[in-house]
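Here are the chains, one letter per residue:
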Amino acid sequence: MNDRTSALDSLVFGVDIQSGDVRGDSPSYALVAFDGENVDRDVVSYRKLRRLLDREEPAMLATDNMYELAADKDALVHFLRTIPEATTLVQVTGAERPEPLSRVASRHGVPYGKKPMKEAEAAARLAAANIGYEVSAFGDTTSVKVSRGRSTGKGGWSQDRYTRRIHGSVKRRTREVKDRFQQADLEFEVDVTEKYGGYANAVFTVEAPPGDIPVSEGRSGDTRIEIERERRDGIEFEPLVKRRDHVFVGIDPGTTTAAAVVGLDGSVLDVYSTRTADTADVIEWLIERGRPVLVAADVTPMPETVEKFRRSFDAAAWTPNSDLPVDEKLHRARDTSYENDHQRDALAAALFAFDDHEDQIERISRKVPPDVERGEVIARVIAGEESVEAVLRDIVDDEDEQETGSEHHERELTEDEKEIRRLRTRVERLESHIEDLDDTIEQRDAEIEEYEEKLSEAKREERREARERREVKRLERENNRLERRIDTLEDENEALDEKLERLKRLWKLDHSNFADVDTDGDLVSVKVIEQFTRDAIETADEQFGLAAGDVVYLRDASGAGRSTARRLADIEPRVVLRSGGNLSNVADRILFEHEIPVAPADDVAIQEVDELAVASEVDVEGAIEDWERRAEERRKEQKASMVDQIISEHRAETRSESR
């Protein structure tokens, strides 16, 4: 490779297999180095190709098939990891399903031949024109590992001091790396493994490619730094230049300008609306999303603002026979989300325009060969009103001239140069629009000043009225609140009066004062437990105390288990009155074994005031006597059952002995 004057910003390598196979021992490559003007050709081995890549660091390494450089996916990932970071591997024939190189070269007017050196040159020229896909296996995240550069050894009298020194060195080096990342304003995370005396290692995950990492890989004293890019799940392809397809555009002008972009297949690509952006901003937004073939409006005739957009793109115009009804616009745009009515109107215009041209687009597509760009033909037929045959003849003639052209012909423009020329033409049109807009702006500014004065006066009056309305509403809310408060207090007062009358008859269940309440000696205090659970028993015990000989009222007696029943039995209540469900078999058996009387609460008249309750002594005694009668019958039944069981067991033993 000789020294050269570069016409590009950088150098491009194009390669193709000359002989052998990458899966074999010694493949050779046809190598072309292209800088935009000069072409250097050579046949090199795989090793020499790698040395030239490391030395020259070309911007792109172009090929028609990436697997001419690696045997399989793993080998390709290794190849991508080892080439210079400044070098991009480009497959010029496409992504996952590449086209023949001859077709791609013909489509873009690049000289092509079947010999490996000609194919390598075609690949280099295509990549230099930004045609093809970047092949990548790594993301923009890099792992930087700081670790020990020496082994801590197997032991010895100074082993601890030696290990502490190495771990301390790793910790210091980690801090230095962290400071450099912070100075470089890089985003990162760090995972540290602490060991005796410092760190065993530290792994930084940095949001940057290796070229932006301000530290270098290698060993230094007691520490080592390893740098590795994050690998993606598979091989990914990214176009060198994003493609701008031909599209239909719908415009809805007004105070809010809306635009919609629809592809030539009828798919909705994007919608947009703005109250602040001018015409140039909307045009720039449209340019970023495609090349308009047709500009449509939802009313007829086409508004002047929409006509200006159409002239900016030299596009065809479309308007309906009459203004589109709202219900038809809603129905046509029903499958697409939009933010407001302006976006809906622009979208409906573009979609109705596509509906009108759908059959024509299908007829054109059937006539276009596979190797010709369909969108270009459709654009020239619809916008230029040319026939399909004439457009195809023109395209074929252009390709023939490119293949057989002589020295006096002009150099074929690259896609970027064609795009620049188109953009310059549009800029000239926009500048002419700007002059018209400047005059309009002056008139609008004068009107705006007048309206702003009226608006300021109206706002002052509105603010004054709003303050008065807010004050009236505040006073009304305060009055309503006070009235509701009065009603609430009156209700509470009535309830307290009733409670006071009841409290006069039922004193708080304090044993020291209970005799004063029970003047007739016919009342007994009742301790209420809400549920037959340990928590409810403990709560009742904390509130008013549970003691032996108390009358306990279980408001809900269901669901108790063995431990809960034992907890209640340990208190040794005089009687347990139950309601709200039956006792479980386990709880009933445990209370019976502890000789705790259990009776239905319906048999005893209980009077309650909040947590206070009393019952008639006569009713309580009667409930206990009923339980004792039932308990005696139950004991007899148990004894009879036990005797029957003993007799049955004895008979069974006698029969077994007789056998």
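Please refer to the structure placed before this passage.
Residues numbered from 1 in each chain as written. Predicted model: local features only at pLDDT ≥ 70, side-chain atom pairs only at ≥ 80, totals over all residues. Heavy atoms only, no water.

1. As for the overall build of the protein
- Assigned secondary structure in the protein consists of 17 helices and 21 strands.
- Expressed as a percentage of contacts within the protein between residues at least 6 apart in sequence, the contacts between residues at least 24 apart total 63%.
- For the protein, the exposed surface amounts to about 39,600 Å²; the carbon and sulfur share of it is 44%. (Helix = DSSP H or I, 4+ residues; strand = E, 2+ residues; numbered from the N terminus. Contact = heavy atoms within 4.5 Å. Areas by Shrake-Rupley, 256 points an atom, 1.4 Å probe, with all protein chains shown as cover.)

2. Quick word on the sheet that holds strand 14 (residues 291–296)
- Here we have five strands laid out as an open sheet, ordered 13-12-11-14-15, and mixed in their pairing. Looking at strand neighbours, the two that pair on one side only are strand 13 (268–274) and strand 15 (316–318), the edges of this open sheet. Strand-to-strand twist across the sheet, computed as the mean angle between neighbouring axes with direction ignored, equals 25°.
- By the bridge criterion, six bridges tie strand 12 (residues 257–263) to strand 13 in an arrangement that is antiparallel. (Pairing = 2+ DSSP bridges. Axes fitted to C-alpha atoms, helices over the stretch in contact; angles between N-to-C directions.)

3. Description of a negative patch on the surface
- Residues E85, D140, D185, E187, E189, E207, D212, E230 and D233 make up a contiguous surface patch of negative charge.
- Summarising the element assignment, E85 is placed in the loop between helix 2 (73–82) and strand 5 (88–91).
- Given a relative accessible area of 41%, E85 falls into the partly exposed group. (Patch = residues over 30% accessible without salt bridge, like charges linked within 9 Å, V, L, I, M, F, W, Y side chains within 5 Å. Salt bridge = Lys/Arg side-chain N within 4 Å of Asp/Glu carboxyl O. Lys, Arg positive; Asp, Glu negative; His and termini not counted. Charge placed at Lys NZ, Arg CZ, Asp CG, Glu CD. Buried < 20%, exposed > 50% of the residue type's maximum accessible area, 1.4 Å probe, protein only.)

4. Points about unusual backbone geometry
- Looking along the chain, the bond that leaves T300 and enters P301 is cis, with omega of 0°.
- Counting through the fold element by element, P301 comes out in the loop between strand 14 and helix 7 (304–313).
- Positioned with a positive phi, E57 is a non-glycine residue whose angle comes to about 50°.
- Within the secondary structure layout, E57 lies in the loop between helix 1 (46–56) and strand 4 (60–63).
- By relative accessible area, E57 is classed as partly exposed at 45%.
- Positive phi values are uncommon outside glycine, yet D314 reaches one of about 50°.
- Mapped onto the elements of the fold, D314 is located in the loop between helix 7 and strand 15.

5. Details of the side chain of S169
- Position of S169 among the secondary structure elements: in helix 5 (residues 159–183).
- A polar side-chain atom of S169 sits 3.4 Å from a polar atom in the side chain of D222.
- When residues no more than four places from it in sequence are discounted, the contact partners of S169 are D222 and T223. (Polar contact = N/O pair within 3.5 Å; in protein donor to acceptor, adjacent residues only side chain to side chain.)

6. Some thoughts on the environment of P320
- Mapped onto the fold, P320 is located in the loop between strand 15 and helix 8 (326–332).
- By relative accessible area, which is 7% here, P320 ends up buried.
- In this structure the C-alpha to C-alpha distance between P320 and D356, which are 36 residues apart in sequence, comes to 9.6 Å.

7. Re a positive patch on the surface
- Together, K459, R463, R467 and R470 give the surface a local cluster of positive charge.
- Positionally, R467 belongs in helix 12 (residues 415–505).

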